Amino acid sequence: MLSRMPAFPRKEKPFTYFSGDAALYDQSRPAYPEPMISRIVAAMPGRSVVNVGCGTGIEARQFQAAGCTVLGVDPDAQMAEYAHSTGVEVEVAAFETWASAGRVFDAVVAGTAWHWVDPVAGAAKAARVLRPGGVLAPFHHSSHTPHELVDAVGGSALPAWTTRSAEAYQRVAPDSEFDAAGRRRSAMDLYQPMFDKIADAIRETGVFGQPEEWRLDWEQRYSRDEWLALVPTQTALAGLSPDRMAQILEATAKAIDKMGGSFTMTYTTVVVTAVRANTGSWVGPAEHGTLQS
């Protein structure tokens, strides 16, 4: 039976990273490649998972389908409520300050969400809630957006996380989508500093094995309407005024029409993963309340 979400006191300005329609977000955002989910599950010593930044529950439901028991942790109450309505147990909190209450798990995962977490504090918290042999596995979509669509939204291909308020990631964001020779950087060039930052923070705990980076390239075909539904869910655009959003959607629609009414998006999904050591313990701040490798 689905457990009831605990009640949380409402703040005047509750945290949110997406203020639009949670159902639209859930239906529009791409799921994660099944081979990636399967590889993470195969590496786990058991089947209990904490899904950090679970959002509407996209990857949580994939891990459930793979036979795992999943607990979502997300600071956005609106998104957590939607995930709960789909069968995902969720506790509303930032992962770094989440009260794990002595519970331990076989994996800590995060789907395109670890950039919301302080990388050092997040890795330290994962070390405390993972049992020996447990797996830390943040993963992230890197989209290779066709230049026609990049230009339609104003000419910037910088990943959405570079525009967000997390200070740790502003420091690693590249200044430009172009290199010194004026060539457009690849999506992986833009995202790699974030993956390196995650791996460095994992090493800093001293209780994980050497981090590995797994990559899976895959493609998804989008119709004009499917992509137009996804565009407003992108955090870098979600805060725009209705008039500006309408302009972007119109320009995007025209660009897709010129491409024949649909296009293929190439994704690289990257997992930065490490195994919790069987010995040793993390001593840190007190707790508050086909794949390539």
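All of these numbers come straight from a predicted model, not from anything done at the bench.

Trainee: Would you take a moment to explain the overall build of the protein for this structure?
Mentor: Along its length, the protein carries eleven helices and seven strands. Here the protein holds 293 residues, and the buried ones make up 48% of them. When the accessible surface of the protein is totalled, it reaches about 13800 Å², and 51% of it is carbon and sulfur.

Trainee: Please explain the sheet that holds strand β6 (residues 212-223) as it appears in this structure.
Mentor: Sheet strands pair by backbone hydrogen bonding; their relative direction is either parallel or antiparallel. Read from one edge of the open sheet, seven strands run β3-β2-β1-β4-β5-β7-β6, paired in mixed fashion. Taken across any chain shown, the strands that pair with only one partner, and hence form the sheet edges, are β3 (89-92) and β6. Averaged over all pairs of adjacent strands, the angle between strand axes in this sheet comes to 20°, irrespective of strand direction. The pairing of β6 with strand β7 (residues 262-275) spans twelve bridges and is antiparallel. Paired with Arg221 across the bridge in β7 is Thr264.

Trainee: Help me understand the nonpolar core in this model?
Mentor: The nonpolar side chains of soluble globular proteins are, as a tendency, buried together. Counting residues in each nonpolar core, the largest one holds 33 residues, and the members touching the most others are Phe95, Trp98, Val108, Trp114 and Phe208. Within the residue set of this core, elements represented by two or more residues are β1 (48-52), β2 (69-74), β4 (105-111), α5 (119-129), β5 (130-144), α8 (187-205) and β7. Setting aside residues up to four positions removed in sequence, Phe95 forms contacts with Val50, Val52, Val73, Val108, Trp114, Val117, Gly122, Lys125, Ala126 and Val129. Ranked by size, the runner-up nonpolar core spans 24 residues in total, among them Met36, Val41, Ala80 and Val92.

Trainee: How should the side chain of Glu91 be read in this particular structure?
Mentor: Counting through the fold element by element, Glu91 comes out in strand β3. Ignoring any residue separated from it by four or fewer positions in sequence, one finds Glu91 in contact with Leu71, Gly72, Val73, Asp74, Trp98, Ala99 and Arg103.

Trainee: Looking at this structure, I do not really get unusual backbone geometry. What am I missing?
Mentor: A negative phi angle characterises most non-glycine residues, just as the trans form characterises most peptide bonds. Its identity is not glycine, yet Ala101 carries a phi of approximately 55°, on the positive side. Inspection of the secondary structure puts Ala101 in the loop between β3 and β4. In this structure, Thr112 is a non-glycine residue whose phi angle is positive, near 50°. The residue Thr112 is located in the loop between β4 and α5 in this model.

Trainee: Explain the pattern of salt bridges here, please?
Mentor: Where charged atoms from two side chains of opposite charge come close, those side chains can pair. Using the criterion set out here, one finds eight salt bridges in the structure. The salt bridge involving Arg103 is made with Glu91; its shortest N-O contact spans 2.9 Å. With Arg103 in the loop between β3 and β4 and Glu91 in strand β3, this residue pair connects regions lying twelve residues apart in the sequence. Relative accessible area serves as the criterion here: at 30%, Arg103 is assigned to the partly exposed category. With a closest N to O distance of 3.5 Å, Arg224 and Asp225 form a salt bridge. Residue classification places Arg224 among the partly exposed positions, given a relative accessible area of 30%.

Trainee: I tried to follow the pairing of β5 on my own but got confused; where do I start?
Mentor: One face of the sheet, then the other: side chains in a regular strand alternate in exactly this way. Counting buried residues along β5, eleven of its 15 residues qualify, which places the element largely inside the surrounding structure. Inspection of the sheet shows β4 paired to β5 by six bridges, in the parallel sense. Directly across from Val108, in β5, lies its bridge partner Leu136. Crossover handedness for the path β4 to α5 to β5: right-handed. The pairing of β5 with β7 spans eight bridges and is antiparallel. Looking at β7, one finds that Val135 is bridged to Val275.

Trainee: Would you mind showing me how to read the packing of aromatic side chains here?
Mentor: Geometry of an aromatic ring pair is reported as the spacing of the ring centres plus the angle between the planes. Applying the stated criterion across every chain yields a total of ten aromatic pairs. Measuring from centroid to centroid gives 5.0 Å for Tyr222 and Trp227, while their planes differ by 70°, and the two rings are edge-to-face. The exposure class of Tyr222 is buried, given its relative accessible area of 3%. On the basis of relative accessibility, which here comes to 5%, the residue Trp227 falls in the buried class.

Reading the values: rules and limits
- Residues numbered from 1 in each chain as written.
- Predicted model: local features only at pLDDT ≥ 70, side-chain atom pairs only at ≥ 80, totals over all residues.
- Heavy atoms only, no water.
- Helix = DSSP H or I, 4+ residues; strand = E, 2+ residues; numbered from the N terminus.
- Buried < 20%, exposed > 50% of the residue type's maximum accessible area, 1.4 Å probe, protein only.
- Areas by Shrake-Rupley, 256 points an atom, 1.4 Å probe, with all protein chains shown as cover.
- Pairing = 2+ DSSP bridges.
- Axes fitted to C-alpha atoms, helices over the stretch in contact; angles between N-to-C directions.
- Core = buried A, V, L, I, M, F, W, Y, C linked by side-chain atoms within 4.5 Å.
- Contact = heavy atoms within 4.5 Å.
- Salt bridge = Lys/Arg side-chain N within 4 Å of Asp/Glu carboxyl O.
- Right-handed = clockwise from strand over helix to strand, strands pointing away.
- Phe/Tyr/Trp six-rings, centres within 6.5 Å; stacked < 30°, edge-to-face > 60°.

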